[in-house]
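Chain and residue survey
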Amino acid sequence: TPDTPNTPDMPNTPDTPDTPDTPDTPDTPNTPDTPNTPDTPDTPDVTEPPVVHKFTLEYKAGTGGRIIGSLSQTIESGKDGSSVIAVADDGYEFIGWSDGTESAERQDKAVTENISVTALFEADNPDFVSGAGTKTRPYCIANVEHLKNVRKYPEAHFVLCNDIVLDYTDGQSNFTQLFDDEIMFNGSFDGNGCKIVNLKIYNNSTFYSGLFACIGGKGSVKNLTLENAEINGTNYIGGIAGYSLGTVTNCSVSGKINYLFENTYKVFVGGIAGKIENKLDKCDSDVDILCSGIKGESHIGGIAGEMSFGNYSNFITETYSNVNIEVDSNSKMCAGGLFGRIIGSGSVNLEKCYVTGEITVNTMDYGACYGGGLIGEVYSNYGDINNCYSTAEITVNSGYRVYCGGLAGTSGNISNSYSTGKMTITGRDSICCGGLAGTSRDISNSYANADITVNADITVGVDYVYVGGLCGYSIDNSNGINISNSYSVCKIAVTNEDILFFGALAGYSKMLILNNAHWLYYADSGYDYAVGYNEALGVPTNIGSTRHTNISDFYTLAEVLNKGLEEPVWKNVNGRLPTLKSKEEVDKTRFYRISKSRLQRYAL
């Protein structure tokens, strides 16, 4: 195929001629300055007048009274209103304002809101002098009729306005106990430091006898004195109450408490209350208690026959009695200058309590006896005695077992306490007898100084006799029982001692540890050892004790007894036996010791 001929070259395009320059735009002439706008003259200040807030006070009177003063007031904010007074009409009593203000005269100050209140009045209760039966306005009792009217109001609150003296009667009764076991007293009764004199009750128709037959769990009685009272009853007998589930504090009773035989049920007799199952504190009694012919189990005490409590610690302080107790029973019996028996699953602590007087007990047949200057029996996990004493003389004649001590028949720990009352004990089965306690746990900083006679007429069974200057039998303890910084100068005589554990400090213990313990040896005593038998050692023992043959050794013994103590508690005065310092003396010594130590430290 023949070649295609070449395409001829295209001719060059001629150049585009240059565009001529655009001539410069002439400058725009300057705009002349705008003349200044003259200043706007200042607007003169305009002060608004202050806003004054005003409030209204309105005072109204309810039925039964009137108001003295301005009833309607307009008050500027923050200012005070003028005083007004609520005045009750005859037969009425002012009880307060509707906003809770209690005083009859009021002045509302620094007012910042409207106030409208009403003065409230209440018709007088003819059963009492005054009051509304509330905690803040209790019924006021001024005479015997008022006192009798208390029975109408089981949950009200009362105050004794003055002493009440009942007419003395040679008859059986001049007053009927208040309330019973079906309707208990669950209010409050404040004796206000006043007295009820010559109260006499004779009640053999119900179980409960006292000013109050029964006090409920919400009830309370305080600051009340019964003077020259005589209460005769059957099963629960006491000056303030036959039976109390409530609280009794700061009460005092003097007079006679007598048991009337009507049945074979249990018997609870006390100067303050027959039985207490809650709280008692700071009470005292000066009473003769006579209980003859009792057939059932009995609990007799200068304060209460039985003190019962739950699983908690119960503290009884500054409680004391002067007693003359005589009991004749054919069954188990617990008798004490303060409490016949203390029972509970918790612990009880007696602090700064004491007893004077006499306790005489006879129990026949199989009537076991628990007797003590303070407590007959502690039936509790622990029943501790601290800073207490008894000088009561104790006589027991039992047809069965006996647990008896100058402070307690059975006890927990004993510290800073003592007993000096004479004891005469007769038993026909096992006997536990000690200058401080029949049975006890630890004993520290304590002493006994008494004549003790034990007649062990073992005719009922073949049993044992445990007698000691401080305790008859020390209760078992896995860590051992301790007697420390204590002494006994008791003179002890025991007859019919065929099966006898007899020691100057303790009769018997499984594991007794003596430390700085002292005792006086009597040549005619019949004992040669501090502990009649220590089961852990298998023999009688004097280990840890010091025997003294001369009473004069004790006249300077306080310094020795104080060895090892953080604060000295013993003192010798005028060549006498060592005695315990009061708590106030010990506290004073502690204060001086601490102060001296601080001064020395600052000096360094």
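Throughout what follows, the structure given in this document is the object of discussion. Computed from a predicted model, the values in this text were never measured in an experiment. (Residues numbered from 1 in each chain as written. Predicted model: local features only at pLDDT ≥ 70, side-chain atom pairs only at ≥ 80, totals over all residues. Heavy atoms only, no water.)

**Comments concerning the overall build of the protein**
Secondary structure assignment for the protein yields three helices and 58 strands. Evaluated residue by residue, the protein yields a buried proportion of 49% over its 604 residues. Of the contacts formed within the protein by residues at least 6 apart in sequence, a portion of 74% connects residues at least 24 apart. Carbon together with sulfur atoms contributes 47% to the accessible area of the protein, which is approximately 29500 Å² in total. (Helix = DSSP H or I, 4+ residues; strand = E, 2+ residues; numbered from the N terminus. Buried < 20%, exposed > 50% of the residue type's maximum accessible area, 1.4 Å probe, protein only. Contact = heavy atoms within 4.5 Å. Areas by Shrake-Rupley, 256 points an atom, 1.4 Å probe, with all protein chains shown as cover.)

**Some details on the sheet that holds strand β1 (residues 54-61)**
Note: strands within a sheet are paired through backbone hydrogen bonds, in either parallel or antiparallel orientation. Strand order across the open sheet formed by four strands is β3-β1-β7-β5, with mixed pairing between neighbours. Two strands in the sheet have a free side with no partner beyond their single neighbour: β3 (72-76) and β5 (92-97). Taking each pair of neighbouring strands and ignoring which way they run, the sheet shows an average axis angle of 25 degrees. Across five bridges, β1 lies against β3 in antiparallel orientation. Considered in β3, the bridge of Lys54 is made with Glu76. (Pairing = 2+ DSSP bridges. Axes fitted to C-alpha atoms, helices over the stretch in contact; angles between N-to-C directions.)

**A word on the pattern of salt bridges**
Tallying each qualifying case throughout the model produces twelve salt bridges. A salt bridge links Lys275 to Glu306, with the nearest nitrogen and oxygen atoms 3.2 Å apart. Highlighted residues: Lys275 in strand β23 (residues 273-276) and Glu306 in strand β27 (residues 304-309), separated in sequence by 31 residues. Comparing Lys275 with Glu306 shows no difference in burial state: the two are buried. The partner of Glu377 in a salt bridge is Lys332, and the shortest N-O contact between them spans 3.5 Å. One end of the pair, Glu377, is in strand β34 (residues 375-386); the other, Lys332, is in the loop between β29 (320-329) and β30 (333-336), with 45 residues separating them in the sequence. Glu377 sits in the buried class, given a relative accessible area of 5%. Taking relative accessible area as the criterion, Lys332 reaches 21% and is therefore assigned partly exposed. Within the structure, one salt-bridge network assembled from shared partners comprises Lys275, Glu277, Glu306 and Arg341. (Salt bridge = Lys/Arg side-chain N within 4 Å of Asp/Glu carboxyl O.)

**Some details on a nonpolar patch on the surface**
A cluster of nonpolar side chains, Leu537, Val539 and Ile543, forms an exposed patch at the surface whose accessible area comes to about 280 Å². The topology assignment puts Val539 in strand β55 (residues 539-541). When its relative accessible area of 41% is taken as the criterion, Val539 is described as partly exposed. (Patch = residues over 30% accessible without salt bridge, like charges linked within 9 Å, V, L, I, M, F, W, Y side chains within 5 Å.)

**Describing the sheet that holds strand β14 (residues 208-209)**
If you walk across this open sheet you meet the ten strands as β14-β18-β22-β26-β30-β33-β37-β42-β47-β51, and the pairing is parallel. Two strands in the sheet have a free side with no partner beyond their single neighbour: β14 and β51 (500-503). Summarising the sheet, β14 and strand β18 (residues 236-238) pair through two bridges and their orientation is parallel. Considered in β18, the bridge of Ser209 is made with Ile237.

**What to know about the environment of Lys109**
Relative to the assigned elements, Lys109 resides in the loop between β6 (105-106) and β7 (115-123). Measuring from C-alpha to C-alpha, the distance between Lys109 and Gly78 comes to 7.5 Å, with 31 residues separating the pair along the chain. Setting aside its immediate chain neighbours within four residues, Lys109 contacts Lys79 and Asp80.

**Looking at a negative patch on the surface**
Together, Asp286, Asp288, Glu326, Glu358 and Glu393 give the surface a local cluster of negative charge. By secondary structure assignment, the location of Glu326 is in strand β29. (Lys, Arg positive; Asp, Glu negative; His and termini not counted. Charge placed at Lys NZ, Arg CZ, Asp CG, Glu CD.)

**A short note on the packing of aromatic side chains**
For the coordinates displayed, the defined rule picks out 38 aromatic pairs. The interplanar angle of 25 degrees and the centroid separation of 5.5 Å between the aromatic rings of Phe179 and Phe185 together place this pair among those described as stacked. A relative accessible area of 9% places Phe179 in the buried class. Ring centres of Tyr447 and Trp570 lie 5.9 Å apart, and the angle between their planes is 50 degrees; on these two criteria the pair is classed as tilted. Here Tyr447, found in strand β45 (residues 447-448), pairs with Trp570, found in strand β57 (residues 570-571); they are 123 residues apart in sequence, far enough to count as distant. Looking at Trp570, the relative accessible area reads 2%, which means it is buried. Taken together, the ring pairs connect Phe128, Tyr139, Tyr153, Phe158, Phe179, Phe185, Phe189 and Phe212 into an aromatic cluster. (Phe/Tyr/Trp six-rings, centres within 6.5 Å; stacked < 30°, edge-to-face > 60°.)

**Some thoughts on the state of the cysteines**
As enumerated under the stated definition, the model contains one disulfide in all. Disulfide pairing is shown between Cys140 and Cys161; the S-S distance is 1.3 Å. Residue Cys140 is located in strand β8 (residues 139-141), and its partner Cys161 is located in the loop between β9 (157-160) and β10 (164-165); the two are separated by 21 residues in the primary sequence. The structure places no disulfide on Cys404, whose sulfur is separated from the nearest cysteine sulfur, that of Cys433, by 5.4 Å. (Disulfide = S-S within 2.5 Å.)

**Structural notes on the pairing of β23**
Across three bridges, strand β19 (residues 241-244) lies against β23 in parallel orientation. Residue pairing in the sheet places Ala241 in a bridge with Ala273 of β23. Of the strand pairs in this sheet, β23 and β27 are connected by three bridges, and their pairing is parallel. Directly across from Lys275, in β27, lies its bridge partner Glu306.

**Details of the nonpolar core**
Among soluble globular proteins, nonpolar side chains are generally buried collectively. One finds Phe189, Leu199, Phe212, Leu224 and Leu350 to be the most contacted residues of the largest nonpolar core, which totals 126 residues. Per element, the largest residue contribution to this core is five residues, and it comes from strand β53 (residues 512-520). Core analysis: the next-biggest nonpolar cluster, separate from the first, contains 14 residues, Ile67, Val84, Trp97 and Ala119 among them. (Core = buried A, V, L, I, M, F, W, Y, C linked by side-chain atoms within 4.5 Å.)

**What about the side chain of His157?**
If you trace the backbone, His157 turns up in strand β9. Given a relative accessible area of 14%, His157 falls into the buried group. At a separation of 2.7 Å, a polar atom in the side chain of His157 contacts the side chain of Ser188. (Polar contact = N/O pair within 3.5 Å; in protein donor to acceptor, adjacent residues only side chain to side chain.)

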